[in-house]
Each structure stands twice: as C-alpha cells, then as structure tokens.
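The residues making up each chain are set out below.
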Amino acid sequence: MAANKTRTSGFSRNFSGTTSSQTPGIKSGPNGTIFVSSGIPDLDKILGGGFPLGSLVMVMEDAEAPHHMLLLRNFMSQGLVHNQPLLYASPAKDPRGFLGTLPSPVLSKENKSRKDDPEQDKGLRIAWQYKKYFGEDQHIHRDAKQEFCNDFDLRKPLERQFLSGRRVDCVSFQKISNIATLQDHCSTFLAQFRRNDGNISGVGRLAIQSLCAPQCEYSNMEWEMLSFIRSLKGMLQSSYAVAVITFPPSLLSPSSSKRWQHMADTLLSVKAIPDEDKELAQLLTGYQDMVGLLNVHKVARMNTQVPVILEATTFSIKLQKRRFLVLECLNQAPIDGSSGSSYGTTASCSGSSSKTGTLDF
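Residues numbered from 1 in each chain as written. Predicted model: local features only at pLDDT ≥ 70, side-chain atom pairs only at ≥ 80, totals over all residues. Heavy atoms only, no water.

Peer 1: Please give an account of the overall build of the chain that cites residues and values.
Peer 2: Each helix and strand in the chain was counted, giving 10 helices and 14 strands. Put simply, the chain has 361 residues, and 44% of those count as buried. For the chain, contacts bridging at least 24 residues in sequence account for 73% of all contacts bridging at least 6. Of the roughly 21000 Å² that the chain leaves accessible, carbon and sulfur atoms contribute 50%. (Helix = DSSP H or I, 4+ residues; strand = E, 2+ residues; numbered from the N terminus. Buried < 20%, exposed > 50% of the residue type's maximum accessible area, 1.4 Å probe, protein only. Contact = heavy atoms within 4.5 Å. Areas by Shrake-Rupley, 256 points an atom, 1.4 Å probe, with all protein chains shown as cover.)

Peer 1: Describe the sheet that holds strand β3 (residues 51-52), listing the residues and the values that go with them.
Peer 2: Think of a sheet as strands paired side by side through backbone hydrogen bonds, with each pair either parallel or antiparallel. Reading across the sheet, the three strands line up as β1-β2-β3 and stay open at both edges, with antiparallel pairing between neighbours. The two strands at the open ends of the sheet, each matched to only one other strand, are β1 (26-28) and β3. Pairing between β1 and strand β2 (residues 34-36): three bridges, direction antiparallel. From the neighbouring strand, Lys-27 faces β2, where its bridge partner is Phe-35. (Pairing = 2+ DSSP bridges.)

Peer 1: Residues and numbers for the pairing of strand β11 (residues 266-272), please.
Peer 2: Burial analysis of β11 places six of its seven residues in the buried class, which makes it a mostly covered element. In the sheet, strand β4 (residues 56-60) pairs with β11 via four bridges, with the strands oriented parallel. Within β11, the residue paired with Met-58 across the bridge is Leu-267. One ladder, built from six bridges, connects β11 with strand β12 (residues 290-298); its direction is antiparallel. Among the inter-strand pairings, Lys-271 is bridged to a residue of β12, identified as Leu-293.

Peer 1: Break down the sheet that holds strand β10 (residues 241-247) for me, with residues and values.
Peer 2: Within the open sheet, the nine strands sit side by side as β8-β5-β9-β10-β4-β11-β12-β13-β14. Their pairing is mixed. At either margin of the open sheet sits one strand with a lone partner, and together these are β8 (168-172) and β14 (324-329). With direction set aside, neighbouring strand axes in the sheet form an average angle of 20°. Pairing analysis gives four bridges linking strand β5 (residues 86-90) to strand β9 (residues 204-208), with the strands arranged parallel. (Axes fitted to C-alpha atoms, helices over the stretch in contact; angles between N-to-C directions.)

Peer 1: Before we move on, could you go through the packing of helix α8 (residues 222-237) against helix α9 (residues 254-263) and cite the residues and values that matter?
Peer 2: Closest axis-to-axis distance for the α8/α9 pair is 10 Å, and the angle between their directions is 5°. Here α9 runs roughly parallel to α8, going by the angle between their axes. Residues Glu-222, Met-225, Leu-226, Ile-229, Arg-230 and Lys-233 of α8 form the contact with α9, whose own contacting residues are Ser-256, Arg-259, Trp-260 and Met-263. (Parallel < 35°, antiparallel > 145°, perpendicular 65-115°, else oblique.)

Peer 1: Could you give an account of the pattern of salt bridges, naming the residues involved and the relevant values?
Peer 2: Here the structure, examined in full by the defined rule, presents four salt bridges. Note that Lys-156 and Glu-159 form a salt bridge whose closest N and O atoms lie 3.9 Å from each other. Of the residues examined, Glu-159 reaches a relative accessible area of 32% and is grouped as partly exposed. Between Lys-233 and Asp-265 there is a salt bridge, with the nearest N and O atoms lying 3.5 Å from each other. Pair noted here: Lys-233 is in helix α8 and Asp-265 is in the loop between α9 and β11, with a separation of 32 residues, a long-range link. The exposure class of Lys-233 is buried, given its relative accessible area of 16%. Residue Asp-265 is classed as buried on the basis of its relative accessible area of 15%. (Salt bridge = Lys/Arg side-chain N within 4 Å of Asp/Glu carboxyl O.)

Peer 1: So, the nonpolar core: which residues are in play, and what are the values?
Peer 2: Counting residues in hydrophobic clusters, the biggest one holds 81 residues, and the most contacted among them are Leu-206, Leu-211, Leu-232 and Trp-260. Ranked by residue count, the leading element in this core is helix α2 (residues 68-81), at eight residues. Residues within four places of Leu-206 in sequence aside, it is in contact with Phe-75, Leu-87, Cys-186, Phe-189, Leu-190, Leu-232, Leu-236, Ala-241, Val-242, Ala-243 and Val-244. The next biggest cluster of nonpolar side chains, apart from the first, holds five residues, and it includes Ile-273, Leu-284, Tyr-287 and Met-290. (Core = buried A, V, L, I, M, F, W, Y, C linked by side-chain atoms within 4.5 Å.)

Peer 1: Got a sec to walk through helix α7 (residues 179-190)? Specific residues and values, please.
Peer 2: Across its 12 residues, α7 extends 17 Å between first and last C-alpha, which sits within 8% of the 16 Å expected from 1.5 Å per residue. What α7 keeps buried is the set Ile-179, Leu-182, Cys-186, Phe-189 and Leu-190. Projected onto a plane normal to the axis of α7, the buried residues spread over an arc of 95° and lie on a single side. Along α7, the residues that are exposed and aim more than 90 degrees away from the buried face are Asp-184 and Thr-188. Here the buried face of α7 lies against β5, β9, α8 and β10. (Expected span 1.5 Å × (residues − 1). Arc of directions from axis to C-beta.)

Peer 1: With reference to specific residues and values, describe the side chain of Lys-233.
Peer 2: Of note is the side chain of Lys-233, whose polar atom sits 3.0 Å from the backbone oxygen of Met-263. Dropping the residues within four chain positions of it, Lys-233 is found in contact with Leu-56, Met-263 and Asp-265. (Polar contact = N/O pair within 3.5 Å; in protein donor to acceptor, adjacent residues only side chain to side chain.)

Peer 1: Lay out the environment of Ala-180 in plain terms, naming residues and giving numbers.
Peer 2: Along the chain, Ala-180 falls in helix α7. Sequence separation between Ala-180 and Glu-224 is 44 residues; the distance between their C-alpha atoms is 8.6 Å.

Peer 1: Tell me what's going on with the environment of Cys-186, and back it up with residues and numbers.
Peer 2: For Cys-186, the position within the fold is in helix α7. Put simply, Cys-186 and Ala-89 are 97 residues apart on the chain and 9.7 Å apart in space, counted from C-alpha to C-alpha.

Here's what the structure looks like:
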C-alpha cells in the first residue's frame, strides 16, 4: 500500500502568538494577530484588542485643542511600563522634556476595589488560617506591570523608575533638515525588532507628533513626507513594532491628506467640543462631562480580509474624576423629557390595527 501523504495547503495559520505570553505587554488575537495596548482600556476594546504588531496608526489632530496628546501620552506610558523601547519624534526643541508629562499607572481595578473596601478583609477573620494560601496570589496581582493595559492617572507624572534604564530615543524635527534623516532614525530603531522564526524577544513603539508641523523645514514637501510614510509602513510590516503618527490635516492639501489617511492601518481623529453648544447639550446625555470626540475611521485588518464592523464609530472623550481617560458611546437624550426611547411610536406588524399607524403589505 502506498504510504499516506500529508496534505499540505498554501494557507497556514501563524502560530507565533503562542510565544507572546512570555513577553510582557502583548497578547494573541484571532488569526495569529499579536496586539499591544494603546494605553486606553476602552480603545483596546473598541479596536478588538489593541494595536496589532506591524501596523501604522494615524491620528488626525484638531486645530482647536491638543486632544491627540492624550492618546500619545497613554501610548508612550504603556510602552515604558512594559519596558518596551520607545522612539519619540516631536517638533519641540527639547522632546525629552515631554517625557515628564507622561501619566503614571494606577493600581489594577481588583486591587483598587479591594483597597477601598475594608469589609472584604474582615470576612477573612472567620477563617484566619486560610489567609496564608491567598498571600502569594495577592502579591502577584499587586504588580501593575504585568497588566496588558493599565489605567493611567493624568494628574500624576510617570515615576523615574519607569524612565531610568529604559531605551528612550528622542528626536527633534527642528534639528533635522531632511526627512531622510528621520527615516534613518526609524530604520535604525526598527532594526532591533526584525521578525524572525516567531520568537518575540522585544517590542518597539514609535510616537511621531505633528509630522507636518510648521516648525519642520520639510513641512512643504508633501510628496517627500508621503514617501516617508510609505517606507515606514513597509518597515513596520517586517518588524515587531507599532507606530503612532499624529498630523494636522488642515496643513495639508486635500489630496495629500487623503493619501495619508489611505496609508494608515488604523485611522483615528479627535475633535474638540465647544464650551457652550446648546444644540449638542440638548442632543447628547452627559455633555457636561465631555472634553472631545474620538472618531474611528479605519480598523487594522491583519491576516484577514474580513472587514471589522463596529457598533459605533464616534465616541465621547471624558475625564473621569478629571484623571482617567474614558471613551463612551454617544447616547441621544430623550425627546420632550420622556424617559423611554427617543424614537416615535412604532406600528405593529400583527393583525391587530393600531390608532397610531398601520402597515399595509
């Protein structure tokens, strides 16, 4: 009898994510996709897990308010907490000074609730001899560094222990006369995280703020900047890294702005909310707590061609207790003060007729 031949296929699932548990700060997703956290728990849920490794994330800025800096700060802080190397490029003269504004992680929700609820410890007094069995587990959960995504306190700066010993490289656009120099910086940085046989030894993060800012000497070279983005995207696809680029679309021509948006794997935009907008205040619930809006225009599709369908594309940006960044779906306020649904009366499709309206088939 002929020996049974093993059937092979040209399509194979990438199981490199099985080793992701050994590397802190990453997790496996469907179809072998590996995610890193955006630093915002709500945004990770919206995007289906976070930012996929090898993807390019672009954020369109708003000229009225620097809300894009909130996303950058959490993204950078999350990487430093997980001891992931960071490359930060900014139009400021001293980009390293921006590291002092990064938020600090707080205790996990489990430890936070346990700390605020002393009654939970009182319940253990009945069986005090079992306390020693819970000691090790409690010690493990107290380490905030092991979490995939932390909650960050925007009022508390990042402690020096997260900055010391970390591989942080800062680049100023004002000291670069040619965008090719910035491309060399990115190429050297990404060379540390080349994709190999599936063993992930390290993950890198790139944060580029206001790529086409007027402070840059190459701000009017739109075609050169587009070539840089295209080259950066190609380098990311062959490396274990994620790049976040923010840019003001108002400083670009409409055609260049569309090309930049097309190059992004994940495309977001932020928008400020006027202080006194009576129409929005009547239309939306919780308007007083909103500081801005976040729009999700595109979600990265890695190892699949199935589009991601979101339940909503516009979310409100809120600061819970003026410290924690929270994203929520927009809720329409009830009409005429009614507590029920804001929609009008619906007609019944059954045989019984209704006075409010009928349907004829």
